[in-house]
Amino acid sequence: MSETIETSSETITLTIDGQEIQAKAGQTILQAAQKNGIYIPTLCALHASKENGLKSDIAPGTCRICTVRVNGRTMAACTTPVAQDYIVENDTEELNDLRKTIVELLFVEGNHFCPSCEKSGSCDLQALAYRYQMLSPRFHYAFSSREVNAESPKLLFDRNRCILCRRCVLAITTEDGKQLFGFTKRGDKSGIIMDEELVKNISEEQAQQAMHICPVGAIIRKEKGFDTPFGQRKYDHNPIGSETVCTTCNGEKS
Amino acid sequence: MKKPIIATASLAGCFGCHMSFLDIDERILDLVELVHWGKSPINDIKTFEQDCDIALIEGGCCNDEHIHTLRDFRKHCRILVAVGECAIMGGLPAMRNNIPIQECLEEAYLNSPSTAQANPERILPNDAELPALLDKVYPCHEIVKMDYFLPGCPPRADLIYGALTALVTGQEAKLPYEVIKFD
């Protein structure tokens, strides 16, 4: 699984949802789609932008919400490199239903009490549930027992909402490259742990970045709760993905 | 054509969904033209005088009386609609699901600032008349089959009205993006 992606200048032609697009060799299908203004949903992969402070794209391949069909096979768009003449299906009824199922499973697996979450309205998981019109998950809730860590003066880490996307592990580091978050254990016991010493000394900007990078409400910046009023939150008026334009090229096709 | 009969119930909820329902304001007069009302806290009818067509259920199940009520609704109503976060996932009451029930009761009746002094004999409520608490708070669809779900805390009045009129008139519900929210 790639985590940072290098690209070369070789141009590749592929088709996404019947639209022929150009991509650079080494780009992933997701990057090529983003560059061409095509929306593929993501929860773990993140496009580097001034807003999120990332220097390069990350693609841990953990959530699988970006699953597309490549030449008939289902693949994660964020980890599959483009190749000449690939035929990619993305916005189809079948794939969107598959994505909706992943969203439902994430909802029942954690404890996502949206009304009491400070990220509500700006949460990518919730926004995907809106996009795929999830009125209720089809599965029974697990009501998993998860811990909350509120020790740090600037950050609250609520494992109830964590979807194990690994964004915080890859993106939040100190200036000398030490990771503030890490993975622990395996399988259904997997979890994220926080380096309490490092997180205690986190800067205001980095705390903001951590909350911004978390796709759900697992990392919450303290003392800034509910500072955006209802009606002005990120996904109050338009579904996630409706704003898709490449943030580095401002929508210019490459 | 005979008018459909609507019933409503509030289980482990805060009545916020009922309040949101009343937020349909003057449109309730249009609804009165379309339906009859059965058992509901809105009209204070407490028993099923006849079977109902549509029932709106607010709240999840946190005690045995809720289970009894919900099963009674399932028996007497053709369509059950889970209204709001608590009915769909347990909501705020379900936040106790990972705390042992003994601990919850002790916190509420023995150790909290308002009860520590007022309950010197350290009595936990134990009257046989009181409904027994369940081990967890359960969403409605884990107890009986639910037919429709209207998310929100509470669901927007427009969502309730749109869905209800669609059910009553047999038309497709017009539910724009802004009305389906989980908070």
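No experiment lies behind these values; they were computed from the predicted model shown. (Residues numbered from 1 in each chain as written. Chains lettered and ligands numbered in written order. Predicted model: local features only at pLDDT ≥ 70, side-chain atom pairs only at ≥ 80, totals over all residues. Heavy atoms only, no water.)

A.B. asks: Just checking my understanding: could you explain the overall build of chain B for this structure?
C.D. replies: Helix and strand counts for chain B stand at six helices and seven strands. When the helices and strands of chain B are placed in sequence order, the string is β-α-α-β-β-β-α-β-α-α-β-β-α. Taken over the C-alpha atoms alone, chain B extends approximately 60 × 35 × 30 Å along its principal axes. For chain B, the accessible area works out to roughly 9,700 Å², and carbon and sulfur atoms hold 55% of it. If you average the places of the 16 positive and of the 27 negative side-chain charges in chain B, the two averages end up 6 Å apart. (Helix = DSSP H or I, 4+ residues; strand = E, 2+ residues; numbered from the N terminus. Areas by Shrake-Rupley, 256 points an atom, 1.4 Å probe, with all protein chains shown as cover. Lys, Arg positive; Asp, Glu negative; His and termini not counted. Charge placed at Lys NZ, Arg CZ, Asp CG, Glu CD.)

A.B. asks: I would appreciate a short explanation of the confidence of the model for chain A in the present structure.
C.D. replies: Interpretation of this model should avoid reading the predicted coordinates in detail wherever pLDDT is low. Summing up the model confidence of chain A, the mean pLDDT is 91 and the portion of residues at 70 or higher is 93%. The low-confidence segment residues 246-254 of chain A, where pLDDT is below 50, has 18 contacts with residues more than four positions distant or belonging to other chains. (pLDDT = per-residue confidence, 0-100. Contact = heavy atoms within 4.5 Å.)

A.B. asks: Explain helix α3 (residues 124-131) of chain A here, please?
C.D. replies: Because an α-helix packs 3.6 residues into every turn, residues spaced three or four apart end up facing the same way. Residues and elements named next belong to chain A. Most of α3 sits inside the fold, with seven of its eight residues counted as buried. Of all the positions in α3, only Asp 124, Leu 125, Gln 126, Ala 127, Leu 128, Ala 129 and Tyr 130 are classed as buried. In the core, the buried residues of α3 are packed alongside α2 (93-109) and α4 (167-171). Among the residues trailing α3, Gln 133 stands out with phi positive, at a value near 50 degrees. (Buried < 20%, exposed > 50% of the residue type's maximum accessible area, 1.4 Å probe, protein only.)

A.B. asks: Looking at this structure, I do not really get the sheet that holds strand β7 (residues 155-158) of chain A. What am I missing?
C.D. replies: Two orientations exist for strands paired in a sheet by backbone hydrogen bonds: parallel and antiparallel. All names here are of chain A. The three strands are arranged β6-β7-β10 in an open sheet whose pairing can be described as antiparallel. Of all strands in the sheet, those with a lone pairing partner are β6 (148-149) and β10 (219-221), marking the two edges. Pairing of β7 with β10 involves three bridges; the strand directions are antiparallel. Bridging from a neighbouring strand, Phe 157 pairs with Ile 219 of β10. In this fold helix α6 (residues 204-213) packs onto β7 and β10, with an angle of close to 140 degrees to the strand it touches most, β10. (Pairing = 2+ DSSP bridges. Axes fitted to C-alpha atoms, helices over the stretch in contact; angles between N-to-C directions.)

A.B. asks: Before we go on, may I ask you to explain the nonpolar core in this structure?
C.D. replies: A general tendency of soluble globular proteins is for nonpolar side chains to be buried together. Residues and elements named next belong to chain A. Membership of the largest hydrophobic core comes to 72 residues, with the highest contact counts inside it found for Leu 14, Ile 29, Leu 125 and Phe 181. Broken down by element, the residue count for this core peaks at five residues, all from α3. The residues contacting Ile 29, other than those within four sequence positions of it, are Ile 16, Ile 40, Val 70, Ala 77, Thr 80, Pro 81, Val 82, Tyr 86 and Val 88. (Core = buried A, V, L, I, M, F, W, Y, C linked by side-chain atoms within 4.5 Å.)

A.B. asks: Sorry, what's going on with a negative patch on the surface here?
C.D. replies: All names here are of chain B. Together, Asp 23, Asp 25, Glu 26, Asp 30 and Glu 33 line one region of the surface with negative charge. Relative to the helices and strands, Asp 25 is located in the loop between α1 (16-22) and α2 (27-34). With relative accessibility at 48%, the residue Asp 25 sits in the partly exposed group. (Patch = residues over 30% accessible without salt bridge, like charges linked within 9 Å, V, L, I, M, F, W, Y side chains within 5 Å. Salt bridge = Lys/Arg side-chain N within 4 Å of Asp/Glu carboxyl O.)

A.B. asks: When you look at the packing of aromatic side chains in this model, what are you seeing that I'm missing?
C.D. replies: A ring pair, where both rings are aromatic, is described by two values, the distance of the centres and the angle of the planes. This model, assessed by the stated rule, comprises seven aromatic pairs over all chains. With a centroid separation of 4.9 Å and 70 degrees between ring planes, the pair formed by Phe 48 of chain B and Phe 73 of chain B is classed as edge-to-face. Placement of the pair is Phe 48 of chain B in the loop between β2 (36-37) and β3 (52-58) and Phe 73 of chain B in helix α3 (residues 64-76), with a sequence separation of 25 residues. With respect to class, Phe 48 of chain B is no different from Phe 73 of chain B; both count as buried. One aromatic cluster is present, built from ring pairs that chain together Phe 107 and Tyr 130 of chain A together with Tyr 177 and Phe 182 of chain B. Its guanidinium or amino end placed over the ring of Phe 230 of chain A, Arg 233 of chain A lies 3.9 Å from that ring's centre, counting from NZ or CZ. (Phe/Tyr/Trp six-rings, centres within 6.5 Å; stacked < 30°, edge-to-face > 60°. Lys NZ or Arg CZ within 6 Å of the ring centre and 35° of its normal.)

A.B. asks: Would you take a moment to explain the interface of chain A and chain B for this structure?
C.D. replies: Note: interface size is frequently given as the accessible area lost on complex formation between the parts. With 30 residues of chain A in contact, the opposing surface of chain B contributes 22 residues. Here chain A meets chain B over a buried area of about 2,300 Å², counting both sides, of which 63% is carbon and sulfur. Contact with chain B buries area across many residues of chain A, yet Tyr 130, Leu 135 and Phe 143 of chain A alone supply 30% of it, more than any other trio. The tally of links between chain A and chain B comes to one salt bridge. Taken together, chain A and chain B are joined by seven residue pairs in polar contact (both at pLDDT 80 or more). Of the residues contributing to the side of chain A that touches chain B, the split by class is 16 nonpolar, twelve polar and two charged. (Buried area = accessible area lost by both parts, 1.4 Å probe. Polar contact = N/O pair within 3.5 Å; in protein donor to acceptor, adjacent residues only side chain to side chain. Nonpolar A, V, L, I, M, F, W, Y, C, P; charged D, E, K, R; others polar.)

A.B. asks: Help me understand unusual backbone geometry in this model?
C.D. replies: For the peptide bond that leads from Cys 153 of chain B to Pro 154 of chain B, omega is -5 degrees, which places it in the cis range. Mapped onto the secondary structure, Pro 154 of chain B falls in the loop between β7 (148-150) and α6 (157-169). The backbone of Arg 166 of chain A shows a phi angle near 80 degrees, a positive value even though the residue is not glycine. Within the fold, Arg 166 of chain A resides in the loop between β7 and α4.

A.B. asks: How do you make sense of the pairing of strand β8 (residues 181-184) of chain A when you look at a structure like this?
C.D. replies: Strand residues, when the strand is regular, have side chains that alternate between the two faces of the sheet. Direction of pairing for β8 of chain A relative to strand β9 (residues 191-194) of chain A: antiparallel, over a ladder of four bridges. Residue pairing for β9 of chain A: Phe 183 of chain A is matched across the bridge by Ile 192 of chain A.

A.B. asks: Help me understand the sheet that holds strand β4 (residues 73-76) of chain A, please; the structure alone is not making it clear to me.
C.D. replies: All names here are of chain A. The strand order β2-β1-β5-β3-β4 describes an open sheet built from five strands, whose pairing is mixed. The sheet is open, and its two edges are formed by β2 (19-24) and β4, each paired on a single side. The mean angle between the axes of side-by-side strands here comes to 40 degrees, regardless of whether they run parallel or antiparallel. Summarising the sheet, strand β3 (residues 67-70) and β4 pair through four bridges and their orientation is antiparallel. Bridging across to β4, Arg 69 finds its partner in Thr 74. Across the face of the sheet, α2 comes into contact with β3, β4 and β5 (87-89) while running at roughly 150 degrees to β3.

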